[in-house]
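An overview of the molecular structure
What follows is the residue order along each chain.
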Amino acid sequence: MVQENAKIWFNGKLVPWGEANVHVLTHALHYGTAVFEGIRAYKCVDGRSAVFRLKEHAERLVESGKILGLPVPYSSEEIADAIIETLQANKLDAAYIRPLVFVGEGGMGVHPGKNPMHTCIAAWEWGAYLGEDALAKGIRIKTSTFTRHHVNIMMTKAKASGNYVNSVLAKMEAVADGYDEAMMLDPDGYVSEGSGENLFIVTKSGALKTAPLTSVLAGITRDSVMTMARDMGYEVLEQRFTRDELYTAPEAFFTGTAAELTPIRECDNRVIGKGKAGEVALNLQKEFFNVVTGANPKYSDWLHYYEV
Ligand code: PPE
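Okay, the site of the ligand next. Residues in contact with the ligand amount to 21 residues; listed here are only the nearest, Tyr96, Tyr129, Tyr164, Thr221 and Thr257. Residue Ile220 places a main-chain N or O atom 2.7 Å away from an oxygen atom belonging to the ligand. Here the shell around the ligand is built from residues that sort into six nonpolar, nine polar and six charged.

So, in C-alpha cells, the structure goes:
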C-alpha cells in the first residue's frame, strides 16, 4: 500500500491527497496514453535532503511526451520546481516521486483529439523495491515468456504507461512462478531488461556489460552506474548478449530508481557466480548509496538539495 500523504500536485496546484481524482472516462485509463517518471529523494549524510538527478528525470518526462506526440503542458524546469514543492508540502526528507502526465476525459475513441492533458505529482516513502533482503543478498529471476518491445512497436525511449502492460505481464508471470523478477529478451532473443530495471552482467574479464538502448529504457540509474563504474576503473560495454552468457557470468545485477542496485543471484534456476550478491555489484552498490546521499561529493552535480 502506498502510504497516504497530505498533498498531491495536480495541474499546477497542491490538492489534498484524497481529492486528486479523475473521471472513469479518462482517455489514459482506456488506452494507456500517459507518460511518467520514477524519481528518488534521499536524506543525505550532512542532514540535508536531495533529489537524485532531478533535471534528467524532468527532461526525460518532457521527452517522453514529445515522443508520443502528447506534449507535457509544462517545461522540465516547471516540473522540477513542482516536484520540490510537492516534497516540501508533504514534509518528505526522503521519498519516491511519481510524476504522471495523462490524456484526460472528453472524447472517446483511440484518437486523443482535444482531450485535456493532466499533470500530477505524488510522493511517498518507498523502501526496498524488491524486498528487504534483495539489496544485500540478491534475487532470483526468470526469463519471461513475454518478449520485450521492438523499437518500432512501442517507443522504448518514452517512459509511457502503455509500454508497461508488457512489464506487468512479465512481472506477474515471474512472481506466480516463485521468482522475484522477470528478465525479458528482445525480439531477436537477446537479453534486454527487467520489468522495471536495466540489467548488467560482469564478464569473465571483469568488464560490465549491458544491453544497448534499443529495446530497453534509457535508465538514469544505468547511466549513473556506467559513469561511476568507468571512474572506478571498470570497462563498461553496451553490447547485445545472450541468456547463456548471463547464466555463466560471474555476476549480474539490476539498476533502476525503485530497485536501486539489486544483485541477481540466480536466473532460470541456474546459480549465477557464487549464488549470492557479487563483489563488483556490492562495490558499485556501496558507491551508488554514497553518491545519492552526498557522501561522495564527486557527483554533487547529480544532487538537487531542498529544504524540508
Ligand atoms: N527499465 C524499465 C522498464 C523501467 O521501468 C525502469 C524504471 C528502468 C529500466 C530504470 O530506469 P531509471 O529509473 O531511470 O534508472 N522503473 C521505474 C518504475 C518502477 C515501478 O514499478 O513503477 C522506477 O524504477 O522508478
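This part covers a negative patch on the surface. The grouping of Glu77, Glu78, Asp81 and Glu85 at the surface amounts to a negative patch. Mapped onto the fold, Glu85 is located in helix α3 (residues 76–89). The class for Glu85 is partly exposed, based on a relative accessible area of 35%.

This next bit is on the pattern of salt bridges. Counted by the stated rule, this structure contains 18 salt bridges. Across the pair Arg53 and Asp223 runs a salt bridge, and its minimum N-O distance is 2.7 Å. Of this pair, Arg53 sits in the loop between β5 (49–52) and α2 (54–68) while Asp223 is found in helix α6 (residues 220–231), placing the two residues 170 residues apart along the sequence. On the basis of relative accessible area, Asp223 is assigned to the partly exposed category, the value being 32%. A salt bridge links Lys298 to Asp231, with the shortest nitrogen-to-oxygen separation between them at 3.5 Å. A residue pair is termed long-range when its members are at least 10 positions apart, and Lys298 in the loop between α8 (279–292) and β17 (303–306) and Asp231 in helix α6 qualify at 67 residues. Through salt bridges with shared partners, a single network forms among Arg53, Glu56 and Asp223.

Even without glycine at this site, Asp268 takes up a positive phi of about 50 degrees. Mapped onto the fold, Asp268 is located in the loop between β15 (260–267) and β16 (270–271).

Rules used in this analysis
- Residues numbered from 1 in each chain as written.
- Predicted model: local features only at pLDDT ≥ 70, side-chain atom pairs only at ≥ 80, totals over all residues.
- Heavy atoms only, no water.
- Near = heavy atom within 4 Å.
- Polar contact = N/O pair within 3.5 Å; in protein donor to acceptor, adjacent residues only side chain to side chain.
- Nonpolar A, V, L, I, M, F, W, Y, C, P; charged D, E, K, R; others polar.
- Patch = residues over 30% accessible without salt bridge, like charges linked within 9 Å, V, L, I, M, F, W, Y side chains within 5 Å.
- Areas by Shrake-Rupley, 256 points an atom, 1.4 Å probe, with all protein chains shown as cover.
- Salt bridge = Lys/Arg side-chain N within 4 Å of Asp/Glu carboxyl O.
- Lys, Arg positive; Asp, Glu negative; His and termini not counted.
- Charge placed at Lys NZ, Arg CZ, Asp CG, Glu CD.
- Helix = DSSP H or I, 4+ residues; strand = E, 2+ residues; numbered from the N terminus.
- Buried < 20%, exposed > 50% of the residue type's maximum accessible area, 1.4 Å probe, protein only.

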